[in-house]
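# Examination of the molecular architecture
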Amino acid sequence: MTFEPESLGQSRSGLAEALRSERKRAGLTQTRLARLCNMSQTKISNIEGGKLTPTIVDVELILEAIGTESPVATEILALARTADTEWQDLWASRRRGIDKKQNDLARLESVTTEFRFFLPTMITGLLATPDYVRASLARNPGNMSKTVAKKLERQQILMDPSKFFTFLLTEQAVRWPLASPVVMAMQLDRLASVSRIPNVRLGVIPLGTVGPVAETPLSVFTIYGRRLVQVETHTGALILRDHRDVTAYRDDFERYESYALYGDECREQLAEWANRFRS
């Protein structure tokens, strides 16, 4: 798809008008809608006034709070895809403040009950120790203290019994020496501990257990229920909402699941890898 400047502007204004009309149809004030979406009234006002282009996540949260159903919701999301190309680049995140990305993720997590994380390269923030989080952010410019704090704060969601998590980590992700051997050993201990939380299913895929006919995992991705997939690359993140995309990633996830170790087998493998770091 190509984006002409004129159509981009029209989609932005059309999106603002559509969201404003849907809010009024639902009989909600901007203040009430902001509270339901965990946003500020100023942000809602700027979105409806066309001064701020909302992210796809923002639009999804607004539509859910309003109670907009298909096909209207589908049409509004199509406008959102044009106004915001669903690509969240790294440089824009840095300009905005990487800690703000944690707020977006926290809002999305608050309205999702089922999560699937496929981690072929490194350990995600929800599972990370403070030292591992700091090591993962070491190459980012500026003070990362707010981002570290918000990443760790988000971990509280793992203790919410109404939510269910499946984490799949490859051996490469678990053993990649992002930090010192002592920090890595403690990080693996943390994984073993998290694997005992009742609503968390954590599996590891050792090298050599995947058959040669298996498709090569290309990227880190997270599946939020059946509504959204976030695919991470080196320079940003792609948000996919088409049900065919979500289904395709769910199918991939289930295939990778079949190669993983869980429970005591998983913890025994993690302990072996942790001991290698300690030695």
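Residues numbered from 1 in each chain as written. Predicted model: local features only at pLDDT ≥ 70, side-chain atom pairs only at ≥ 80, totals over all residues. Heavy atoms only, no water.

### Here we look at the environment of Pro120
The test is simple: Where helices and strands are cited, they refer to DSSP runs of H or I of at least four residues and of E of at least two residues respectively, numbered from the N terminus. Summary of the burial criterion: residues with accessible area below 20% of their type's maximum are buried, those above 50% are exposed, and those between are partly exposed, where the area comes from a 1.4 Å probe applied to protein chains only. Only heavy atoms enter the contact rule, under which two residues are in contact if any of them lie within 4.5 Å.
Within the element layout of this structure, Pro120 appears in the loop between strand 2 (114-119) and helix 8 (130-136). Given the relative accessible area of 8%, Pro120 is considered buried. Between the C-alpha atoms of Pro120 and Ala173, which are 53 residues apart in sequence, the distance is 5.3 Å. Those residues in contact with Pro120 that sit more than four places away from it in its chain are Thr170, Gln172, Ala173, Pro217, Ser219 and Val220.

### Some remarks on the environment of Leu119
Take Leu119: it is sitting in strand 2. A C-alpha to C-alpha distance of 7.0 Å links Leu119 and Phe221, two positions 102 residues apart in sequence. Sequence-distant contacts of Leu119, that is, excluding residues within four places in its chain, are made with Thr124, Leu127, Phe167, Leu168, Leu169, Thr170, Ala173 and Val220.

### Quick look at the side chain of Thr166
With respect to the helices and strands, the residue Thr166 is situated in strand 3 (residues 164-170). In this view, Thr166 contacts Phe115, Arg116, Phe117, Arg201, Phe253 and Glu257; residues no more than four positions away in its chain are not counted.

### Things to note about the pairing of strand 3
Here is the rule we go by: The pairing criterion is simple: DSSP has to find at least two bridges between the two strands.
Judged by how many residues are buried, strand 3 sits mostly within the fold: six of seven residues are covered. Bridge count for strand 2 against strand 3 is six bridges, and the pairing is parallel. If you follow Phe117 over to strand 3, its bridge partner there is Phe167. Where strand 3 and strand 4 (residues 200-205) come together, six bridges link them in parallel fashion. Counted as the bridge partner of Leu169 is Val204 from strand 4.

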